[in-house]
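# Summary of structural features
Here is what each chain is made of, one letter per residue.
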Amino acid sequence: MPWLVSSQLDFLSSSPSQRECERTSFSFYCSVRDLLPVWLLEEQRSMETFSWEDGPRGFLPAEALLYAVVHDHQDYASFLLHHFSVSALRAPPCSFCCCSGGAPHLSVAVRYDRLHILALMLEALKDCSERRDFLDGCAGCSHSADAGKSAVQLAVELSRSDCLLLLLSHGAAPAGLEAVLQRLSSASELSSCEASELRQAQRCMDFLLLFLPSPPPLCCLQDEPQRWQCLLGNEVFRWLSGLAPPPLLLQALRCLARSGPGQISALPDFLQQHSWQ
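Residues numbered from 1 in each chain as written. Predicted model: local features only at pLDDT ≥ 70, side-chain atom pairs only at ≥ 80, totals over all residues. Heavy atoms only, no water.

So, on to the overall build of the chain. Along the chain, the regular secondary structure elements total 16 helices and zero strands. With 277 residues in all, the chain has 43% of them scored as buried. In the chain, 66% of the contacts between residues at least 6 apart in sequence involve partners at least 24 apart. Accessible surface, the chain: about 13500 Å² in total, of which carbon and sulfur atoms supply 54%. (Helix = DSSP H or I, 4+ residues; strand = E, 2+ residues; numbered from the N terminus. Buried < 20%, exposed > 50% of the residue type's maximum accessible area, 1.4 Å probe, protein only. Contact = heavy atoms within 4.5 Å. Areas by Shrake-Rupley, 256 points an atom, 1.4 Å probe, with all protein chains shown as cover.)

Here helix H2 (residues 38-47) has its buried residues at Leu-41, Glu-42, Gln-44 and Arg-45. The buried residues of H2 occupy one face: seen down the axis, they fall within an arc of 160°. Facing away from the buried side of H2, by more than 90 degrees, are the exposed residues Trp-39 and Met-47. (Arc of directions from axis to C-beta.)

Glancing now at the packing of aromatic side chains. Scanning the entire structure with this criterion turns up five aromatic pairs. Ring plane angle 35° and centroid distance 4.4 Å describe the contact between Phe-28 and Phe-59, whose orientation is recorded as tilted. Here Phe-28 is found in helix H1 (residues 16-33), whereas its partner Phe-59 is found in the loop between H2 and helix H3 (61-70), with 31 residues between them in sequence. Neither Phe-28 nor Phe-59 differs from the other in exposure class; each is buried. (Phe/Tyr/Trp six-rings, centres within 6.5 Å; stacked < 30°, edge-to-face > 60°.)

Per the stated rule, a full pass over the model turns up seven salt bridges. A salt bridge links Arg-45 to Glu-42, with the shortest nitrogen-to-oxygen separation between them at 2.7 Å. Taken as a pair, Arg-45 and Glu-42 lie in helix H2 at a separation of three residues, close to a single helical turn. Glu-42 sits in the buried class, given a relative accessible area of 13%. A salt bridge links Arg-203 to Asp-162; the nearest nitrogen and oxygen atoms lie 3.2 Å apart. Taken together, the residues Arg-203 in helix H11 (residues 195-211) and Asp-162 in helix H9 (residues 161-169) connect sequence positions 41 residues apart. (Salt bridge = Lys/Arg side-chain N within 4 Å of Asp/Glu carboxyl O.)

Below, the discussion takes up the state of the cysteines. Inspection of every chain in the model, using the stated rule, returns zero disulfides. Cysteine Cys-204 shares no disulfide, and the gap to the nearest cysteine sulfur, in Cys-163, comes to 9.4 Å. (Disulfide = S-S within 2.5 Å.)

What follows covers H9. By the criterion of burial, H9 is predominantly enclosed, with eight of the nine residues buried. Taken together, the buried positions of H9 are Ser-161, Cys-163, Leu-164, Leu-165, Leu-166, Leu-167, Leu-168 and Ser-169. Backbone geometry just after H9 places Gly-171 at a positive phi near 105°.

With that out of the way, let us pick up the packing of helix H5 (residues 104-111) against helix H8 (residues 151-158). Where H5 contacts H8, the two axes come as close as 9 Å, and the packing angle between them is 15°. The orientation of H5 with respect to H8, classified from their angle, is roughly parallel. Of the two elements, H5 crosses H8, and the hand of that crossing is right-handed. Taking contact as the criterion, the partners of Leu-106, Ser-107, Val-110 and Arg-111 in H5 are, on H8, Ala-151, Leu-154, Ala-155, Glu-157 and Leu-158. When its residues are assigned to classes, the contact of H5 with H8 shows six nonpolar, one polar and two charged. (Axes fitted to C-alpha atoms, helices over the stretch in contact; angles between N-to-C directions. Parallel < 35°, antiparallel > 145°, perpendicular 65-115°, else oblique. Left-handed = near helix turned anticlockwise from the far one by under 90°. Nonpolar A, V, L, I, M, F, W, Y, C, P; charged D, E, K, R; others polar.)

We note that Asp-72 has phi near 55°; this positive angle belongs to a residue other than glycine. Take Asp-72: it is sitting in the loop between H3 and helix H4 (74-84). Asp-72 sits in the partly exposed class, given a relative accessible area of 28%. At Asp-113, a position not held by glycine, the phi torsion is positive, near 60°. Along the chain, Asp-113 turns up in the loop between H5 and helix H6 (115-124).

A word on the environment of Arg-131. Position of Arg-131 among the secondary structure elements: in helix H7 (residues 131-136). Residues Arg-131 and Val-86 lie 45 residues apart in sequence; the distance between their C-alpha atoms is 9.3 Å.

Counting 71 residues, the largest nonpolar core has Leu-65, Leu-118, Met-121 and Leu-232 as its most contacted members. Among the elements that take part in this core, H11 stands out by supplying eight residues, more than any other. (Core = buried A, V, L, I, M, F, W, Y, C linked by side-chain atoms within 4.5 Å.)

Positionally, Leu-122 belongs in helix H6. For the pair Leu-122 and Phe-134, spaced twelve residues apart in the sequence, the C-alpha separation amounts to 9.3 Å.

This brings us to the confidence of the model for the chain. On average, the chain scores 81 in pLDDT, and the residues at 70 or more come to 75%. Averaged over each element, pLDDT in the chain is lowest for helix H16 (residues 261-265) (69) and highest for H4 (97). Across residues 1-12 the pLDDT falls below 50, and counting only partners more than four positions away or on other chains, this stretch makes 24 contacts in the model. (pLDDT = per-residue confidence, 0-100.)

Here it is as structure tokens:
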């Protein structure tokens, strides 16, 4: 499966039944990749033999949704979420261990930058009693490439600013400020041809600040105050250092940010957070 680490390939094809499972799995994977119609994919999903560990069975909706996310099959993702709701977002069992925890779908959507499907998944979680577990949960299986990271942490790591804003506006915890500051510091040293890296790191930091109730202790600001004051601007630096209240623009934008991600993205340039500097 595409979201598993490459070392797992060593386990494949060790028996005839596993080879058959691998063949049917790849067949379904190719069908989703080729964006075949939803009705045909559902026929394949329910009829093809996928696992012989607990008897022959079809693909679970959660397994099919992962394929849909990887290949950006928006119609199929919408169908699965509409018909199976939150059950399509539950972590499928791992074939290589006993692990079944974590929240892989949101993380996979962030990694592949599937903004539309991410929005569909977050909408499906809107009234779910386990919403917080899905939003802030980490991919628990050690075979996952993003094991131990929440969707927000992964969005920060990959500078997926639009995904980050979407997650935060739907209630995900604004974690990863220290990580995004380090990315901002690293991006500021890049050449002008890589200025987009700096812009994305800046946007990620801006969005985290909008949803951060209070700044955590940050040792890096104390170690190099002049450098960080230059990077962050005086007002933001003083707030993060605990020396001043939040900037007025930040306070004004917080209410707007909580009303939906589109509200912030649609603001004119002079009202974007980077204008603080």
